[in-house]
Amino acid sequence: MEKIAAILIFVLGCVCKCFSQDRTVRQLPANTPQVTYVGRTITNASNEVTFDWVGTYFEFKLTGQSVAMRASDTGESYYNVFVDGRLEKTFLINSRDTVITIVSNLKGNKAYHVRVQKRSEGEFGCTTIKGFMLGNKSLLDGVVSRPARFIEFIGDSFTVGYGADGTNREQDFSVETENADKTYACILARYFQTDYALIAHSGRGAARNYGDTLTSSRYTMKDAMLNTLNSDSSTRYKFDQYKPDLVIINLGSNDFSTQPIPSQTTFEKAYLRIIRQLRSVYGPEVKILCVVSRLADPVERYIAEIVERAGDTNLHHTASLKNVMNNDSDMGAAWHPGVRGQQKMATFLVPYVATVMDWSLEDRVIK
């Protein structure tokens, strides 16, 4: 452990030295207008930006070769870095104050589209961006144009990408195997070319969380969805940072996967509360699509009856995910969907989204 710590200190020192020796380095605050954050964030008086919901991302146009950021994390948070849509690298933030090189040694004097995406969930770490440092002759040039569409997902471990980078179902889960970008949610966002937000937490249900000894848990996704930070229930969200065109709810697996299961009345009450909360902040015109979990019965019947009795023309549901993926080659770590399983879920959901939203089916790969 001492050897690893020494190596990390050496690497961090080299990164800091590289940027500090370059007298042309420009410092920018975390909330500079040239950087766009997508998802739920908090900006403090020092212009630092904090977030922790899985899948939250920020992006910018970089002209030049390099950019770094100073950041801290309460635990450990893994990130994906994309340059012009292609995965460039992944990195980990797991300290109170560190400098991370986002990209370096890019070629040519051209503008690059850089996206940095939180791939792990807030349960494991909450990140604060303190500022950006631009290398020699590098600058953030303008802002990235936003898609016309936005989807918000409310879900559990399937939506956060729990174990998505795992190689087989017997592999133990580690935070490193969690990857939001591989989820059906991000695949759908790519296919329909939308911005997105993942309001999801592993093990949470609508009425009951996984493994609870009670049929109704004290704190579920109906409560967590109201927070700006997944890790801090005191950060009540004002629902003012984006307005989705579509909300996809994918809950129910944790409610019914272990005993004791909630009654229909208990489940419906919690599920309807989620829908009513969405309606109160987004209005009646936003479409809501309820995904039925792999458990099928009784979730499929319960959700169908909820939608039918609601009398809401903008509320819809899918069939069950029961036979969409197998329990062998479609699994990643810890018996959760891997890349193939997530792609199959996305493929299953594409026609539902296209129909509900009247969005065209495009000739592009679903991945």
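Being a predicted model, the structure only gives us computed values, none of them experimental. (Residues numbered from 1 in each chain as written. Predicted model: local features only at pLDDT ≥ 70, side-chain atom pairs only at ≥ 80, totals over all residues. Heavy atoms only, no water.)

Enquirer: Just give me the short version of the UniProt feature "domain: SGNH hydrolase-type esterase" (unreviewed entry) in the protein chain, but keep the residues and values in it.
Expert: UniProt tags residues 153-343 as "domain: SGNH hydrolase-type esterase" (unreviewed entry). Helix makes up 30% of residues 153-343 and strand 18%, and the two end C-alpha atoms of the span are 16 Å apart. (UniProt positions renumbered as here; feature names shortened; annotations may be inferred. Helix = DSSP H or I, 4+ residues; strand = E, 2+ residues; numbered from the N terminus.)

Enquirer: How would you explain the environment of Glu-178 if you had to name every residue and give the values?
Expert: Here Glu-178 shows up in the loop between helix H2 (157-160) and helix H3 (184-192). Placed 13 residues apart in sequence, Glu-178 and Asp-165 show a C-alpha to C-alpha distance of 6.2 Å. Glu-178 has contacts with Arg-119, Ser-120, Glu-121, Phe-124, Val-160, Gly-161, Tyr-162, Gly-163, Phe-173 and Ser-202, leaving out every residue within four places of it along the chain. Among the polar contacts made by the side chain of Glu-178, one reaches the main-chain amide nitrogen of Glu-121 at a distance of 2.8 Å. (Contact = heavy atoms within 4.5 Å. Polar contact = N/O pair within 3.5 Å; in protein donor to acceptor, adjacent residues only side chain to side chain.)

Enquirer: Any chance you could break down the packing of H3 against helix H8 (residues 339-357) for me, citing the residues and the numbers?
Expert: Running from N to C, H3 and H8 point in directions that differ by 50 degrees, and their axes come no closer than 9 Å. Here H3 lies oblique to H8, going by the angle between them. As H3 packs across H8, the resulting crossing turns out to be right-handed. Contact residues: Tyr-184, Ile-187, Leu-188, Tyr-191 and Phe-192 in H3; Gln-342, Gln-343, Met-345, Ala-346, Leu-349, Val-350, Val-353 and Ala-354 in H8. Of the residues assigned to the contact of H3 with H8, the class counts are 11 nonpolar, two polar and no charged. (Axes fitted to C-alpha atoms, helices over the stretch in contact; angles between N-to-C directions. Parallel < 35°, antiparallel > 145°, perpendicular 65-115°, else oblique. Left-handed = near helix turned anticlockwise from the far one by under 90°. Nonpolar A, V, L, I, M, F, W, Y, C, P; charged D, E, K, R; others polar.)

Enquirer: Break down the packing of aromatic side chains for me, citing the residues and quoting the values.
Expert: Under the defined criterion, the tally for this structure stands at 21 aromatic pairs. Ring centres of Tyr-37 and Phe-58 lie 5.4 Å apart, and the angle between their planes is 45 degrees; this geometry places the pair in the tilted category. You can see Tyr-37 sitting in strand E2 (residues 36-38) and its partner Phe-58 sitting in strand E5 (residues 57-63), a full 21 residues away along the chain. Each member of the pair, Tyr-37 as well as Phe-58, carries the same accessibility label: buried. Ring geometry for Phe-348 versus Tyr-352: centroids 5.4 Å apart, planes at 55 degrees, classification tilted. Taken together, the residues Phe-348 and Tyr-352, both in helix H8 and four residues apart, mark about one turn of the helix. For Tyr-352, a relative accessible area of 24% translates into the label partly exposed. In textbook terms, an aromatic cluster arises when at least three aromatic residues are bridged by ring pairs, as seen for Tyr-37, Phe-51, Phe-58, Phe-60, Tyr-79, Phe-91 and Phe-132. Just above the ring of Tyr-191 sits the side chain of Arg-364; from NZ or CZ to the centre is 5.6 Å. (Phe/Tyr/Trp six-rings, centres within 6.5 Å; stacked < 30°, edge-to-face > 60°. Buried < 20%, exposed > 50% of the residue type's maximum accessible area, 1.4 Å probe, protein only. Lys NZ or Arg CZ within 6 Å of the ring centre and 35° of its normal.)

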